[in-house]
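# A structural walkthrough
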Amino acid sequence: MKKILVCEDEVSIRSFVVFNLRRVGYEVAEVGSGEEALALYEADPTFAIALLDVMLPGIDGFETCRRLREQSSTMGIIMLTALTREEEKVNGLRVGADDYVTKPFGIAELLARVEALYRRLQVPTEAEQLHSGVFTLDRHAHCLLVEGQPVELTQIEYQMMEYFFRNPGRLLTRSEILEQVWRNEAYVDDKVVDVNVRRLRMKVEADPSAPHHLLTVWGRGYQWNG
Ligand code: CA
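The structure displayed is predicted, hence computed values, not measured ones. (Residues numbered from 1 in each chain as written. Predicted model: local features only at pLDDT ≥ 70, side-chain atom pairs only at ≥ 80, totals over all residues. Heavy atoms only, no water.)

## Details of the packing of helix α6 (residues 155-166) against helix α8 (residues 191-204)
Short version of the rule: Fitted lines through C-alpha atoms serve as axes, helices being fitted only where they are in contact, and the angles separating the N-to-C directions of these axes extend from 0 to 180 degrees. In this text, helices come from DSSP runs of H or I with a minimum length of four residues, and strands from runs of E with a minimum of two, each type numbered from the N-terminal end. In this scheme, roughly parallel covers angles under 35 degrees and roughly antiparallel covers those over 145, while 65 to 115 is roughly perpendicular and the rest are oblique. The contact rule is simple, with two residues in contact once any of their heavy atoms fall within 4.5 Å. All residues other than Ala, Val, Leu, Ile, Met, Phe, Trp, Tyr, Cys, Pro, Asp, Glu, Lys and Arg, Gly among them, are scored as polar; the first ten of these are nonpolar and the last four charged.
The geometry of α6 relative to α8 is characterised by a closest axis approach of 10 Å and an angle of 85° between their N-to-C directions. Compared by their axis directions, α6 and α8 come out roughly perpendicular. Residues Ile-156, Glu-157, Met-160 and Met-161 of α6 touch α8, and the partners they reach there are Val-193, Asn-196, Val-197, Arg-199, Leu-200, Lys-203 and Val-204. Tallied by class, residues from the contact of α6 with α8 come to seven nonpolar, one polar and three charged.

Structure representation (structure tokens):
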């Protein structure tokens, strides 16, 4: 099942993307608004990936992403953002996207990012729990327990937490985290690590601005203390 939901209101871009995704073997459903994307997902929650444009009529891509993420913590979400709007990239990741591609994009880049995310989603999980202090990572339910309370994680957040859990107290550099979680994908930059760390802190820290567990090692990377 390689099903992907493409949400883009510009018909020429959408047709181009849909044509190429189908060409490489994806089953594609296409819509022109966030509302339609949400309705379609509700009717058929088997999509592996959603590709969301930011600027849409009605609710925008960020809001669409946020609502899709409420429905599914494991679906892959890629935002299509405008080249000149740096804040769009970060916003997309904040509302739960796994990745972003900036417009104008080449089709080779887009397909590479979709394929890479799809491969990550296929990584099998063993039924087992990892423990670190008051935290438990449940590989079966695919969530984080904080003092026994479940906290939903995106696919990327889960993989980062697993890496941190397996390396407590060790400095993990951005490039090590990129290599482990993103498998050295050509188009990913360090900023993605920082944004995901910020998002994880909202979930694991009592005060995200003064972290006790997910620490910054200035200029070098991050360190996990359970
Ligand atoms: Ca648009």
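## A few points about the pattern of salt bridges
As a reminder of what qualifies: Salt bridges, as used here, are contacts in which a Lys or Arg side-chain nitrogen is within 4 Å of a carboxyl oxygen on Asp or Glu. Three exposure classes are used, based on accessible area relative to the maximum for each residue type with a 1.4 Å probe and protein chains only: buried under 20%, partly exposed in between, and exposed over 50%.
Going through the model one piece at a time under the given rule, you end up with 17 salt bridges. Lys-103 is paired through a salt bridge with Asp-53; the nearest N and O atoms lie 3.0 Å apart. Of this pair, Lys-103 sits in strand β5 (residues 99-103) while Asp-53 sits in strand β3 (residues 49-53); the two residues are 50 residues apart in sequence, bridging distant segments of the chain. A relative accessible area of 3% means that Asp-53 is categorised as buried. For Arg-69, the salt bridge is made with Asp-98, and the minimal N-O distance between the two is 3.0 Å. Here Asp-98 lies in the loop between α4 (86-94) and β5 and Arg-69 lies in helix α3 (residues 61-71), a separation of 29 residues in the sequence. Accessibility expressed as a relative area gives 0% for Asp-98, which makes it buried. The network of salt bridges with shared partners includes Glu-8, Glu-10, Asp-53 and Lys-103.

## Notes on the sheet that holds strand β9 (residues 149-151)
To be explicit about the condition: Think of it this way: DSSP has to see at least two bridges between two strands before they count as a pair.
Taking strand neighbours across the sheet as the criterion, the four strands line up as β6-β7-β8-β9 in an open arrangement whose pairing is antiparallel. Across the chains shown, the open sheet's two edge strands, defined by having one partner strand only, are β6 (129-132) and β9. The sheet shows a mean angle of 25° between the axes of neighbouring strands, direction not considered. The pairing of β6 with strand β7 (residues 135-138) spans four bridges and is classified as antiparallel. Across the sheet, the residue bridging to Gln-129 is Asp-138, located in β7.

## Some thoughts on the coordination of the calcium ion
Stated formally: Sites may look incomplete, because water is not among the atoms used; the donor set itself consists of N, O and S atoms within 2.8 Å of the metal (3.2 Å for Na, K and Ca).
Summarising the metal site, the calcium ion is bound by the protein donors Asp-9 (OD), Asp-53 (OD) and Met-55 (O), whose distances to it range over 2.1 to 2.3 Å. The motif formed by the donor residues of the calcium ion, counted along the single chain, is D-x43-D-x1-M. Linking Asp-9 in the loop between β1 (3-7) and α1 (11-23) with Met-55 in the loop between β3 and α3, this pair joins segments that are 46 residues apart in sequence.

## Some thoughts on the pairing of β7
With burial as the criterion, each face of β7 is covered, one bearing Phe-135 and Leu-137 and the other bearing Thr-136 and Asp-138. The hairpin turn running from β6 into β7, its antiparallel successor, is two residues long, and Gly-133 in that turn takes a positive phi close to 60°. Taken together, the four bridges between β7 and strand β8 (residues 143-146) define a ladder with antiparallel strand orientation. Looking across to β8, one finds that Phe-135 is bridged to Val-146. Between β7 and β8, which pair antiparallel in sequence order, lie four residues; one of them, His-142, sits at a positive phi of approximately 60°.

Such coordinate-based values are descriptive only and should not be taken to indicate function.
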